[in-house]
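Tertiary structure, described
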Amino acid sequence: MSRRAAALALPAAFAVATALLATSVPAATPKRPAAEPAPVLPARVVDEDGKTVVVRDVSRIVPLNGDIAETVFTLGLGANVVGVDVSATYPAKRVGPLPKIGYQRTLSAEGILSLRPTVVIGTPLAGPPTVLEQLRTAGVTVVIIPEFKDLDAGARKLRRVGRALGVPGRGERLARQVEGQVALARREVGRTSSKPKVAFLYLRGAQVQMIGGRDSGADALIEAAGGQDVGKGLGIQGFRSLTAESLVAAQPDVILALTAGVESVGGVDGLLRLPGVAQTPAGKNRRIVHYDDLLLLGLGPRTGRALRLLIRGLHPEVR
Amino acid sequence: MASTLRFASGARSGTGRLLRPVPLLAGLLALLAGAVLLGVGIGAVRIPPGDVLAILLRHAGVDLGVDVDPQQDAILWAIRLPRVVLGALVGAALAVCGAALQGVFRNPLADPGIIGVSTGASLGAVVAIVLGLSGAFFGALQLCAFACGVLAALVVYGLARHDGRTEVVTLLLTGVAVTALVGAAVGFLIARADDEELRDVVFWSLGSLGGATWPLVAATAPFVAVGVAAALRHTRELDLMALGEREAAHLGVDTERVRLRLVIALSLATGAAVAAAGVLAFVGLVVPHLVRLAVGPANRIVVPASCIGGAALLVLADLVARTSVAPTELPLGVVTSLVGGPFFLWLLWRTREAHGGWA
């Protein structure tokens, strides 16, 4: 290859590759509106930052977070959803085939716009803020609802999202259902006779082990389920990495984890082989419980179910 | 210093004919123009070329009377165009800094990270993310990254200076030491970060032009201009310094002053680029070498050609980043490294063919 050709080959090849990639971008396919009872529009809601947002059209919805996507589907507006973020995993069969807009924290404006949404809805976790601003500039209605971290979160999200998307009645009805389920589960806690110490471990492969504390998303559930959050007891905020020795020192009776995390360390047997785990009461008695990511941490419409499951997981005496 | 001198003259010892400077610069300008056209014309949202033209002209004050969708107007004017412009600025800054620093250090491996700017800026960004400053006001993260990046470079220079003089190898090694130290601070903060903060840090450190807005472009441009202007102004001195420190001094070059000016101006430019787009590996390293391969080592050509070439390359790389997996994006740093890595290997392999490697 001559020097001139060599020097020009790279940019040229690059340009060709660029053009090829660019032309292969799939065009967004139009979606048929939902067959459910029609939403009442326009809907007026107060945004997280206090501004009033008017939602006029919910025919193409992009939820920015996994829990919000689940809430939208629960509200029966799933057929109007044209794209979700990668943390949306439920209902798996419905969200699986939808276009992905990236992770809720690292969204891209033009990517979302290419799905031609009429309304974009999420929590303050969605961002970066510039992208939300760019979406507003492009004329898309952006609704940001507050982030709730307690057990009422599931019901409150249903109400807020329901109101924003023009189905306030359905939102209210489903919210009461969730509250009923949570209340029912809470009553079960009365039948328990133990108060196990629970360590919520966030695992991603054998190298990443963090323990959850206050505001981990699981702390509210653990306490409501009659457990004692070990991480919170250690004064941990959110998630912190954990040494094997402090895990042993904390002596948890039960280890709580996410199913994907347990899989990443090779299942329950793999988890038991992690340093320190076998030396805890939880490890000795193989008391390891794990649930799906969005079920345990999402604090969405399935909060009542998550609580019931966790009560059974923490208290063998309740059967 | 034998190896570094070889780097300066290596490209000339090949067998092929070098490009003339004027055709090269003209070709690169055409490439940049093409890149900008492609960058503005293509995106996740399809906007017909005619509408693109109508929208651009309308913002320039010429109304073609074509009805354009206001949403497409917003996408083009508020999202895509600032992004392309920022990409060109960042690419130009990184490539010029790489070219000039390779000259200052007489080292082929010098890149904008070598005087600590990149890691310094990373520290600033991570501090802003972990301490929650990034939410305090718009641009807080960028400001923090820029300040820490420039500060790190000044610390490196200050520590390396002795009796009013700096010595190239000392400066280089001080850069390595400060980079390690700052890297440790970044690591410490990362260990303290929670899940979301960690995601933000990782996203930032992989580089992206997704945050491009007109105010960010306006804030970045002056610093890039300072860096590019300083590098262009001192190309003659850089050429003489390639002969060796003492030789250049004999020829009347105040090497200390040139070095200080360049280090400051280039830190400002790199700091602004990294603050705006995150850490983009390989652009600053690879583009100048590509240019040297085509036209030889004369800095008066290499610096301007790197400037234009770097701008074009980054605009194209960003085009790939934002369209290849639409509606999601690839991190820009991944794209630049994906192109830069194999290219660098090829460069090494070629040079070995020609005269047995760099050393």
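Basis of the calculations
Residues numbered from 1 in each chain as written. Chains lettered and ligands numbered in written order. Predicted model: local features only at pLDDT ≥ 70, side-chain atom pairs only at ≥ 80, totals over all residues. Helix = DSSP H or I, 4+ residues; strand = E, 2+ residues; numbered from the N terminus. Rg over C-alpha atoms; globule rule 2.2 N^0.38 Å. Buried ≥ 20, exposed ≤ 12 C-beta atoms within 10 Å, placed from the backbone. Contact = placed C-beta atoms within 7 Å. Core = buried A, V, L, I, M, F, W, Y, C linked by C-beta atoms within 7 Å. pLDDT = per-residue confidence, 0-100. Pairing = 2+ DSSP bridges. Axes fitted to C-alpha atoms, helices over the stretch in contact; angles between N-to-C directions. Parallel < 35°, antiparallel > 145°, perpendicular 65-115°, else oblique. Left-handed = near helix turned anticlockwise from the far one by under 90°. Nonpolar A, V, L, I, M, F, W, Y, C, P; charged D, E, K, R; others polar.

So, on to the overall build of chain B. Helix and strand content of chain B: 15 helices and 0 strands. Here chain B has a C-alpha radius of gyration of 21 Å; the compact-globule value for 359 residues is 21 Å, and the two agree. Taken over the C-alpha atoms alone, chain B extends approximately 65 × 50 × 35 Å along its principal axes. Here chain B holds 359 residues, and the buried ones make up 54% of them. Pairs at least 24 residues apart make up 79% of the contacts formed inside chain B by residues separated by at least 6 positions.

Take the nonpolar core next. Residue and element names in this part refer to chain B. By size, the foremost hydrophobic cluster in this structure holds 214 residues, and its most contacted members are A93, V96, A100 and A269. When residues in this core are grouped by element, the largest group, 22 residues, is from helix α4 (residues 70–105). Those residues in contact with A100 that lie beyond four places of it in its chain are A231, L238, L262, L266 and V303.

A separate point is the confidence of the model for chain B. All names here are of chain B. The pLDDT averaged across chain B works out to 86; a share of 93% of its residues lies at or above 70. No element of chain B has a lower mean pLDDT than helix α1 (residues 2–10), which averages 42, and none a higher one than helix α9 (residues 214–233), which averages 95. Predicted confidence for residues 1–16 stays below pLDDT 50, and this span has 26 contacts to residues more than four positions away or in other chains. With pTM at 0.81, the complex prediction returns an ipTM value of 0.75.

So, about unusual backbone geometry. Residues and elements named next belong to chain A. Of note, the bond from L41 into P42 is cis; its omega dihedral lies within 30 degrees of zero at -5°. As for its placement among the helices and strands, P42 is situated in the loop between α1 (3–23) and β1 (43–46). Cis peptide bonds are those with omega within 30 degrees of zero, and the linkage from G127 to P128 qualifies with 0°. Along the chain, the position of P128 falls in the loop between β4 (119–122) and α5 (129–137).

All names here are of chain A. Among the 5 residues in strand β10 (residues 254–258), 5 count as buried, and that is most of the element. Of the strand pairs in this sheet, β10 and strand β11 (residues 288–291) are connected by 4 bridges, and their pairing is parallel. By the bridge assignment for β11, A257 is matched with H290.

On to the packing of helix α6 (residues 140–160) of chain B against helix α7 (residues 168–192) of chain B, then. All names here are of chain B. Remark: α6 packs on α7, axes separated minimally by 9 Å, with the N-to-C direction vectors making an angle of 135°. The pairing of α6 with α7 is recorded here as oblique in orientation. The handedness of the crossing between α6 and α7 is right-handed. Mapping the contact onto sequence places A152, V155, V156, L159 and A160 in α6 and T170, L171, T174, G175, V178 and V182 in α7. In the contact of α6 with α7, the residues fall into 8 nonpolar, 3 polar and no charged.

All names here are of chain B. On the secondary structure map, L37 appears in helix α2 (residues 21–41). Since 14 C-beta atoms lie within 10 Å of it, L37 is described here as partly exposed. Spatially, the C-alpha atom of L37 lies 26 Å from that of L232, the residues being 195 residues apart in sequence.

What follows deals with the packing of helix α5 (residues 117–130) of chain B against helix α8 (residues 195–205) of chain B. Residues and elements named next belong to chain B. Between α5 and α8, the shortest axis-to-axis distance is 10 Å and the interhelical angle comes to 155°. It follows that α5 is roughly antiparallel to α8 by the angle criterion. For the crossing formed where α5 meets α8, the hand is right-handed. Contact residues: α5 offers S122, A125, V126, I129 and V130, while α8 offers E197, D200, V201, W204 and S205. Along the lines of polarity and charge, the residues of the contact of α5 with α8 split into 6 nonpolar, 2 polar and 2 charged.

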